[in-house]
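So you can see what is in the structure, the chains are spelled out below.
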Amino acid sequence: MKIVVNTRLLLKNKMEGIGVHAFNVLKRMAVSHPETQFLFLFDRKYSEEFIFSSNVTPIVIYPQARHPVLYYWWFEYSVARILNHAKPDIFYSPDGYLSLNTDVPSVPVIHDLNYEHYPNDLPKAESWYYRHFFPLFAAKASKILTVSEFSKQDISKQYHINPSKIDVVYNGADSLYRPIEETEKKEIRNQYSNGEEYFLYVSALHPRKNVKRLLEAFDKMKGTANSPIKLVLVGPHYFKNSEMEKVYRDMKFKDDVVFTGRLNVEELSKVMGAALALVYVSYFEGFGIPLVEAMQCNIPIVASNLTSIPEIAKDAALIVDPFSIDSISSGMLEILKNEGLRKTLIERGQERRNFFSWDKTAELTWQSFQGIKPHVT
């Protein structure tokens, strides 16, 4: 079998959720199936760490696809040229983008449809591209993979796709996420939060991640908690967010907020393991990998009651309304004050985390490929 893969989001030290998904699935598939030839398509110079085995051939094609005009050019011309020449059995695209200019059987991973529900959270050109092309990609796909039952139903409804065409492959979490000893927790807190306990947020600082309300809720909670607890936010600015920045400037307790920027997985796993709790109150998610990472670290969770998050967290999180500052604030205060609740959530997370692993993700992805009929020219 020959599989061509869109690997443009395999970026050394810069991988977000979709890149993490691609890395973990592709590494396992390439190593487990040496009989299969993989052609990895990059849009810039790649790191050798992404060439997982001898059956992987890297190909760099241009232009670098980081703008809607360049997305179009890269997929409809550069990628199509490779596909039409190589004639693979499957084109696999972990970020969901396909080429409409080829007849090669194609399998996108469409993680979620946030851009359909909240189009104004994206720059106009990005929003238009997603809403115009992703329905076409979904219709063209031989099989669609997604990361939750919520996203499966959403894709089916929004794009009028038969649910039988959509397979759910849950995400996993890196094995570096694990419980850590109290002495190491103290060292990490000394490094990041002046020695104090902290709530943790992990993700890009994107509007749908609800950072603005999280900051407001933390400020409100601090006003009544009489506690030195901090809020540590890990992640890059994805799009400029002036509302979030204004809220931060106006906070009474902004000196208790720590922005770390992007951290590599080795450091992030430590920061996660030393947190009092993860606060994950996005108002739209297709999965939410930090939920599983927190479970693996024995960290309690405060989580949104919307989209895929209750499906992934189940009873291993204290569920709150992400559109209510009072609800988020009350949830954080309850976690802070109630040690018994923290213990209960940790125990539930220890059970829930067993449902998720990258090995399962890779195996289910491979199984989905087996049902694809080869294109006959």
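Here, every reference points to the structure presented above.
Along each chain, residues carry numbers from 1 onward, in the same order as the chain's sequence is written. Whole-chain, interface and lining totals are the exception, using all residues; otherwise, since this is a predicted model, local features are given only for residues with pLDDT of at least 70 and side-chain atom pairs are given and counted only at 80 or more. Note that water and hydrogens are dropped before the side-chain values are worked out from all heavy atoms of the structure.

Caption draft 1: Structural detail: the sheet that holds strand β12 (residues 301-304). Between any two strands, at least two bridges found by DSSP are needed for them to pair. By the criteria applied, helices consist of DSSP H or I runs no shorter than four residues and strands consist of E runs no shorter than two, each listed in order from the N terminus. Taken together, six strands build an open sheet; the order of strands is β10-β9-β8-β11-β12-β13 and the sheet is parallel. Bordering the open sheet on either side are β10 (257-261) and β13 (318-320), each of which pairs with just one other strand. Within this sheet the neighbouring strands show an average axis-to-axis angle of 25 degrees, counted without direction. Across the sheet, helix α9 (residues 265-273) touches β8 (198-202), β9 (230-234) and β11 (277-280), and the angle it forms with β8 is around 140 degrees. Axis lines are fitted to C-alpha atoms, over the contacting stretch for helices. Their N-to-C directions set the angle, which ranges from 0 to 180 degrees. Whether two residues touch is decided by their heavy atoms; if any such pair falls within 4.5 Å, the residues are in contact.

Caption draft 2: Representation of the pattern of salt bridges in the model. Between Lys or Arg on one side and Asp or Glu on the other, a salt bridge is scored when a side-chain nitrogen of the former is within 4 Å of a carboxyl oxygen of the latter. Tallying each qualifying case throughout the model produces 16 salt bridges. Of the charged contacts, one joins Asp43 and Arg44 as a salt bridge, the two residues approaching to 3.1 Å between their closest N and O atoms. Burial classification: accessible surface area is computed with a 1.4 Å probe over protein chains only, and a residue below 20% of its type maximum counts as buried, one above 50% as exposed, and the rest as partly exposed. Among the residues examined, Asp43 registers a relative accessible area of 0% and is labelled buried. For Arg44, a relative accessible area of 22% corresponds to the partly exposed category. Note that Glu182 is salt-bridged to Arg189, the shortest N-O span being 3.7 Å. A relative accessible area of 9% means that Arg189 is categorised as buried. Connected through shared salt-bridge partners, Asp43, Arg44 and Arg66 make up one network.

Caption draft 3: Summary view of the sheet that holds strand β4 (residues 90-93). Pairing within the open sheet is parallel, and its five strands lie in the order β3-β2-β1-β4-β5. Of all the strands in the sheet, just β3 (56-60) and β5 (106-108) have a single pairing partner and so form its edges. Within this sheet the neighbouring strands show an average axis-to-axis angle of 20 degrees, counted without direction. In this sheet, β3 lies alongside strand β2 (residues 37-42) in parallel orientation, the contact comprising five bridges. Note that in β3 the partner of Phe42 across the bridge is Val60. Along the sheet, helix α1 (residues 17-32) makes contact with β1 (2-6), β2, β3 and β4, crossing β4 at roughly 145 degrees.

Caption draft 4: Main features of the side chain of Arg189. With respect to the helices and strands, Arg189 occurs in helix α6 (residues 182-192). With near-sequence residues (within four places) excluded, Arg189 lies in contact with Glu182, Asn194, Gly195, Glu196, Glu197, Tyr198, Ala274, Ala275 and Leu276.

Caption draft 5: Spatial organisation of helix α4 (residues 124-140). Under the convention used throughout, the expected extent of a helix is 1.5 Å for every residue step, that is, one less than its residue count. Between its first and last C-alpha atoms α4 spans 24 Å; for 17 residues at 1.5 Å apiece the expected length is 24 Å, and the two agree. Note on bend: at a given residue it equals the angle between the axes fitted to the 7 residues ending there and to the 7 starting there. Along its length, α4 reaches its greatest deviation from straightness, about 30 degrees, at Phe133, and the proline Pro135 lies no more than four positions downstream. Looking at α4, one finds that the buried residues are Glu126, Ser127, Tyr129, Tyr130, Phe133, Phe134, Phe137 and Ala138.

Caption draft 6: A look at helix α5 (residues 149-159). All buried positions along α5 are accounted for by Ser151, Lys152, Asp154, Ile155, Ser156 and Tyr159. Packing partners of the buried residues in α5 comprise α3 (114-117), α4, β6 (144-146) and β7 (166-168). Among the residues trailing α5, His160 stands out with phi positive, at a value near 55 degrees.

Caption draft 7: Spotlight on the nonpolar core. Counting 36 residues, the largest nonpolar core has Leu200, Val271 and Leu278 as the members making the most contacts within it. Elements represented by at least two residues in this core include exactly α6, β8, β9, α9, β11, α10 (289-296), β12 and α11 (309-313). Per-element tally for this core: the top contributor is α10, with five residues. With sequence-adjacent residues up to four places away left out, Leu278 is seen in contact with Leu200, Val202, Met272, Pro290, Leu291, Ala294, Ile299, Pro300, Ile301 and Val302. Residues belong to one nonpolar core when they are buried, are Ala, Val, Leu, Ile, Met, Phe, Trp, Tyr or Cys, and are joined through side-chain atoms within 4.5 Å.

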